[in-house]
Structure formats: C-alpha cells, structure tokens
Amino acid sequence: MSEDLLRRKFEHRFNMLDTDNDGYITEADLTALGDRLIAHLQEPPTSPKSRSVADSKAHYWRCLSQLAAPDADGRVSKDAFVVGLAASADSRRVREMVHPSIKADLALADRDDDGVVDIDEFTTLYTAIGVPAGQARDIFRVLDRNGDGNLDLDEWLEAADEFFTATDSTAPGNHILGRV
C-alpha cells in the first residue's frame, strides 16, 4: 500500500512537471513552468521574484538530473522519475531539490510581501500550475494546519516533505498538488 501511494504521488508530480505532455520531463518543461507562473501572476520577467523562480526551476532540473539520470536526449521518463524519487524519498536530496522552488513560488505568490500566502494568493498560484480553483481552495484548507487563514513557509515545506515521504494515506501533505 505505502509503495503504491508513493508511486501515485510521484506519477502525479511527474504529470504536472511534464508541461508539454510528451511523456518526459526536460529542462525546458521546468523553464516553461516557471515562465507560466511568472506570467500568470503578472510579475515582471526581470524582477527579483521572477529571477528567483527561474533560478529555482533550473536548480530543480540540476537536482532531478542527479536523482533520475536523463536519457541521451536530456529527458527524464516517468519510470526514471518515480524510481529516482523512490530511491531518495527519505533523504535530504529531495528536500534540496524541492525546497528552493517552494520558497521562490511562495515569494512569487505573496503579492503583498507579508511572508505568507492567503487563500486567494494560493489559489492564483495553483491555477497557474493547472489545479482547478475549487480544488486549490480545498488544498489550502488542508495545508493550513494552524487554521490562521495563511500558509507560511514552514507549513508549505512540511506539506511538501510529507508529499515526497509519507506513506500514511491520511497525511495532509499528500494533497499538496491536488488529488492523487
């Protein structure tokens, strides 16, 4: 059961990162994801927030390339992605890959620069990655563990860590990227 849950979560994450739906993740997919977030949130492309998002997606690719070796064409298949993450799910390597991206995404979504995202800021970010608005609001409520109406960086990182490591099907972080 637990391996099946992890596989389903990793496959779900793969599908979200494969922005061109060609069955592979490439550096171009991650660049496109960053560009889509920046455009959707109407952030100037040369702003520090935009540069941070772009840098975090490049970092994600470098780390992913170490976890799941790309093929000769520079692509990571779904199987390679799942196997690479499964082999590293309990290690710091996944956190090193994911945390910078989360930090940059939170900063981008935090339109009033108060260090947290509210439900509207969260929903705007999540619709940019393809999560329907209603589902994004549901995710927010699950991840807002202290019920203060905001997500801070620690709550978001905790949820991400659970997504990549939790084998308990009731862990709130399982839903950080929508229904699995």
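All residue numbers refer to positions counted from 1 along the written sequence of the respective chain. Reporting of local features is limited, given that this is a predicted model, to residues whose pLDDT is at least 70; pairs of side-chain atoms are given and counted only at 80 or more, and all residues count toward the totals for whole chains, interfaces and linings. With hydrogens and water set aside, each side-chain value is computed from the structure's full complement of heavy atoms.

Caption draft 1: Spatial organisation of the packing of helix 1 (residues 2-17) against helix 4 (residues 78-88). Helix 4 packs onto helix 1 with a crossing angle of 130° between their chain directions and a minimal axis gap of 9 Å. Considering their axes alone, helix 1 and helix 4 lie oblique with respect to each other. Seen along the crossing, helix 1 lies across helix 4 with a hand that is right-handed. Here helix 1 contributes Arg7, Phe10, Glu11, Arg13, Phe14, Asn15 and Leu17 to the contact with helix 4, which in turn contributes Lys78, Asp79, Phe81, Val82, Leu85 and Ala86. Polarity classes work like this: nonpolar for Ala, Val, Leu, Ile, Met, Phe, Trp, Tyr, Cys and Pro, charged for Asp, Glu, Lys and Arg, and polar for all others, with Gly in that last group. Considered class by class, the residues forming the contact of helix 1 with helix 4 number seven nonpolar, one polar and five charged. Fitted lines through C-alpha atoms give the axes, limited to the stretch in contact for helices. The angle between two N-to-C directions lies from 0 to 180 degrees. Think of it this way: any DSSP run of H or I at least four residues long counts as a helix, any run of E at least two long counts as a strand, and we number them from the N terminus. Comment on the angle field: the value is read as roughly parallel under 35 degrees, roughly antiparallel over 145, roughly perpendicular from 65 to 115, and oblique elsewhere. Here is the rule for handedness: rotate from the far helix to the near one, and if that takes an anticlockwise turn smaller than a right angle the crossing is left-handed, while a clockwise turn gives right-handed. When checking whether two residues touch, look at their non-hydrogen atoms; a contact exists if any pair is within 4.5 Å.

Caption draft 2: Representation of unusual backbone geometry within the structure. Located in the positive-phi region is asparagine 21, a residue other than glycine, with phi close to 55°. Along the chain, the position of asparagine 21 falls in the loop between helix 1 and strand 1 (24-25). The classification of residues rests on relative accessible area computed with a 1.4 Å probe and restricted to protein chains. Under 20% of the type maximum is buried, over 50% is exposed, and intermediate values are partly exposed. Relative accessible area serves as the criterion here: at 64%, asparagine 21 is assigned to the exposed category. Of note, glutamine 42 is a non-glycine position whose phi angle comes to about 55°, a positive value. Position of glutamine 42 relative to the elements: it lies in the loop between helix 2 (27-40) and helix 3 (48-67). You can call glutamine 42 exposed: its relative accessible area is 68%.

Caption draft 3: Spotlight on the side chain of serine 56. Examined against the element boundaries, serine 56 turns out to sit in helix 3. Residue class for serine 56 comes out buried when judged on its relative accessible area of 4%. Excluding residues within four positions of it along the chain, serine 56 makes contact with Pro100, Ser101 and Ala104.

Caption draft 4: Region of interest: helix 5 (residues 92-109). Helix length check: helix 5 (18 residues) gives 25 Å between terminal C-alpha atoms against 26 Å at 1.5 Å per residue, within 8%. Residues Val94, Met97, Val98, His99, Ser101, Ile102, Ala104, Asp105, Leu106, Leu108 and Ala109 constitute the buried set of helix 5. To estimate how far a helix should reach, multiply one less than its number of residues by 1.5 Å.

Caption draft 5: Focus on the nonpolar core. Within the largest apolar cluster, 50 residues are counted, with the highest numbers of intra-cluster contacts made by Ile25, Phe81, Phe122, Tyr126, Trp156 and Ile176. Going through the elements one at a time, helix 1, helix 2, helix 3, helix 4, helix 5, helix 6 (119-128), helix 7 (133-143) and helix 8 (153-165) are the ones with two or more residues in this core. Among the elements that line this core, the one with the most residues is helix 5, at eight residues. Discounting chain neighbours no more than four positions away, the residues touching tryptophan 156 are Ile102, Leu106, Val117, Phe122, Leu125, Tyr126 and Ile176. Here, the term nonpolar core denotes a set of buried Ala, Val, Leu, Ile, Met, Phe, Trp, Tyr and Cys residues that are joined through side-chain atoms within 4.5 Å.

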